[in-house]
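# A closer look at the structure
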Amino acid sequence: MAAHLPRYLLRRVLQAVPLLLGVLVVNFFLIHLAPGDPIYLLAGDGGDEPYFAAMRQKYGLDKPLPVQLGLYLLGVVQGEFGYSFAYARPVFEVIAARLPPTLLLMGVSIVLSTVVGVWLGVVCARRPNSPVERSVLVATLLGYGCPAFWLGQLLVLLFAVRLGWFPVQGMVNARADYEGLARLSDIARHLALPVATLSVLHLALVTRLTRTGLREELGKDYVRTARAKGLPTPSVVNRHALRNALLPVVTVVGADIGTLFTGAVLTEIVFAWPGLGRLLYDATLSRDYPLLMGIFLLVGTSVILTNIVTDVAYAVLDPRVRYT
Amino acid sequence: MIGTIIVALFIIVAIAAPFLAPHDPTAVDARAILAAPSSEHWLGTDNLGRDILSRLIHGARWTLGTAFLASALIVTIGVTVGLVAGYVGGLLDDILMRVVDILLAFPSLVLALAIVGMLGPSLMNVMLGMVAVWWVDYARVIRGLTVGMREREFVTAARCAGAPAPRIIARHLLPNVVPSVIVLATLELGSLMLAISALSFLGLGAQPPTPEWGTMLNDGRAFFQRAPQLMIYPGLAITLAVIGSNLVGDGLRDVLDPRMKR
């Protein structure tokens, strides 16, 4: 099995290249054919037709779309992603500046919800039909069903406005200029509510998947064998059954990591978190073509790459899955 | 069972909205701005003195109606593409599936948000954006099922009997995928409702004074610290509706399509 891995990987990566090209082309036409003209953003207030024409020429917006696309692709190959209209800075810089907050938010949320979700799932599977299991299941139903952004607002109302435990929004306290450890704890306090908001859906999903998978595994023959050998229950559950039960969880976590960059768009808006999701939202509204293309390129690449990694991880974890 | 009751209740409320709502959902009352719940206004009023309960009742029409309509369009497109790609195969299949791959390279809500942001805010555009993105899930699943059936005896028999491709697709393949489609559509209805309300919450969907639930949440945002009822109730309505349709979907899956059980 392992001998096929390099060839399999190479094939998947080679397949990803035309896919990514397709993503870029589709995005380009989607973005440029949509109604709305960025010229009003570029020209600022006022301006007449000759001025508009000059601006269009300056930004290359006067050329036919296929030519613009060709120039853009040529740039991307050379590592040039163009200039953002709204920020008047290279797209690369604008995106890079927003990357750390988003990665922090999403990273903490994914790790936390996966760990807690697996734990809750194990607790449920080991105590079927107990009050604990029933309350966790009802909670996951709510987690599936409620709009995360709404839950976020309620959390703000309770914990930030009424109780004053956490700040209402933002990533740092703008009025204080903390350094070192104080800065870290400031960020952590700002992080609490957005992470809670963002984790609810994922937590519910992981909990249910773990519970269902583990219950199924615990009923299988090899578990009975392990028990008959006299293995203690924790060892049976954690070493034997859980490993097999976690396979579907890998897929879900993989899909979540794929949406790492923009998956938090609603949470970021509710909490005024300075991340990529909000940047995308703003860029959409202001028709910032180069910035939009840049963000989409990043998102598309990350989803395609995580899909490959997830498939490989799946095959490594489950020897029954063959590379084809 | 509980799910069916919830969904049925919501549908009845949506249909009978004008008879059930105690007030006009858009009637402004300057004497009762941000009023607390009372016998006159059971759930209180919003920043323009509009009755929240009446707006919620009418909102069921907008939110559920949009979700059902979007779902119908998505199913139609997705199932057609899936059946055709799966049965015809070859170059057409390759092209359609590459389009699907490209669309799948984005988180659905993000792509829908970008499309709606570009087209401009309206409930119609929200629907278009969602349809443009969501059909790919169906196309993939249905194509998989179709490929699995293509070489089965009943299809070969129909082909030998001289049935043309459209007839085979419509009369022989379609009925076999209907159970899966129903299950998938019910399971996805909840996430459609969540996405619609999310886009409306961002101000991209239904415009005021439409009492759509997501729009109500957006309207209430500015006042929710003073009057939390503005946000609590529309959110509860969305949550209940989504939970209801998820429960129905789970139930249908167990009955109609045990293979999909995870």
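Criteria and thresholds
Residues numbered from 1 in each chain as written. Chains lettered and ligands numbered in written order. Predicted model: local features only at pLDDT ≥ 70, side-chain atom pairs only at ≥ 80, totals over all residues. Heavy atoms only, no water. Helix = DSSP H or I, 4+ residues; strand = E, 2+ residues; numbered from the N terminus. Buried < 20%, exposed > 50% of the residue type's maximum accessible area, 1.4 Å probe, protein only. Areas by Shrake-Rupley, 256 points an atom, 1.4 Å probe, with all protein chains shown as cover. Expected span 1.5 Å × (residues − 1). Contact = heavy atoms within 4.5 Å. Salt bridge = Lys/Arg side-chain N within 4 Å of Asp/Glu carboxyl O. 1 Å grid on protein atoms, 1.4 Å probe; cavity = no way out; pocket = protein on both sides within 12 Å on 5 of 7 lines; lining within 4 Å. Points joined across faces, edges and corners; volume = space filled by probe spheres on them.

## Some remarks on the overall build of chain B
Each helix and strand in chain B was counted, giving 10 helices and 0 strands. When its helices and strands are written in sequence order, chain B yields α-α-α-α-α-α-α-α-α-α. In terms of overall dimensions, chain B has a C-alpha envelope of 75 × 40 × 30 Å along the principal axes. When burial is assessed residue by residue, chain B has 54% of its 262 residues classed as buried. Of the accessible surface of chain B, which amounts to about 11,300 Å², a share of 67% is contributed by carbon and sulfur atoms.

## Some words on unusual backbone geometry
Look at the link from P208 of chain B to P209 of chain B: it is a cis peptide, with omega at 5°. Its place among the elements puts P209 of chain B in the loop between α8 (165-201) and α9 (213-221). Backbone geometry places N129 of chain A, a non-glycine residue, at a positive phi of 65°. With respect to the secondary-structure elements, N129 of chain A resides in the loop between α5 (91-126) and α6 (131-145).

## With respect to helix α1 (residues 5-33) of chain A
One full turn of an α-helix is made of 3.6 residues, so residues set three or four places apart face in the same direction. A rise of 1.5 Å per residue sets the reference length of α1 of chain A, with its 29 residues, at 42 Å; its end C-alpha atoms lie 42 Å apart and thus fit the reference within 8%. Taken residue by residue, α1 of chain A has Y8, R12, A16, L19, G22, V23, L24, N27, F28, I31 and H32 of chain A as its buried positions. Turning to α1 of chain A, the residues buried within the fold contact α4 (65-77) and α14 (289-317) of chain A together with α4 (90-104) and α5 (108-119) of chain B.

## Some details on the pattern of salt bridges
Inspection of every chain in the model, using the stated rule, returns 10 salt bridges over all chains. One salt-bridge network, held together by shared partners, links E133, R211 and R215 of chain A.

## A look at the layout of surface pockets
All names here are of chain A. There is about 450 Å³ of room inside the second largest pocket. Forming the walls of the second largest pocket are 18 residues, and the residues nearest its centre are Y59, Y72, G82, Y83 and P290. Elements represented by at least two residues in the lining of the second largest pocket include exactly α1, α4 and α14.

## Some thoughts on the environment of G145 of chain A
Here G145 of chain A lies in helix α6. Accessibility expressed as a relative area gives 0% for G145 of chain A, which makes it buried. Each residue touching G145 of chain A, except ones within four places of it in the same chain, is listed here: L194, I238, T239, V242 and I243 of chain B.

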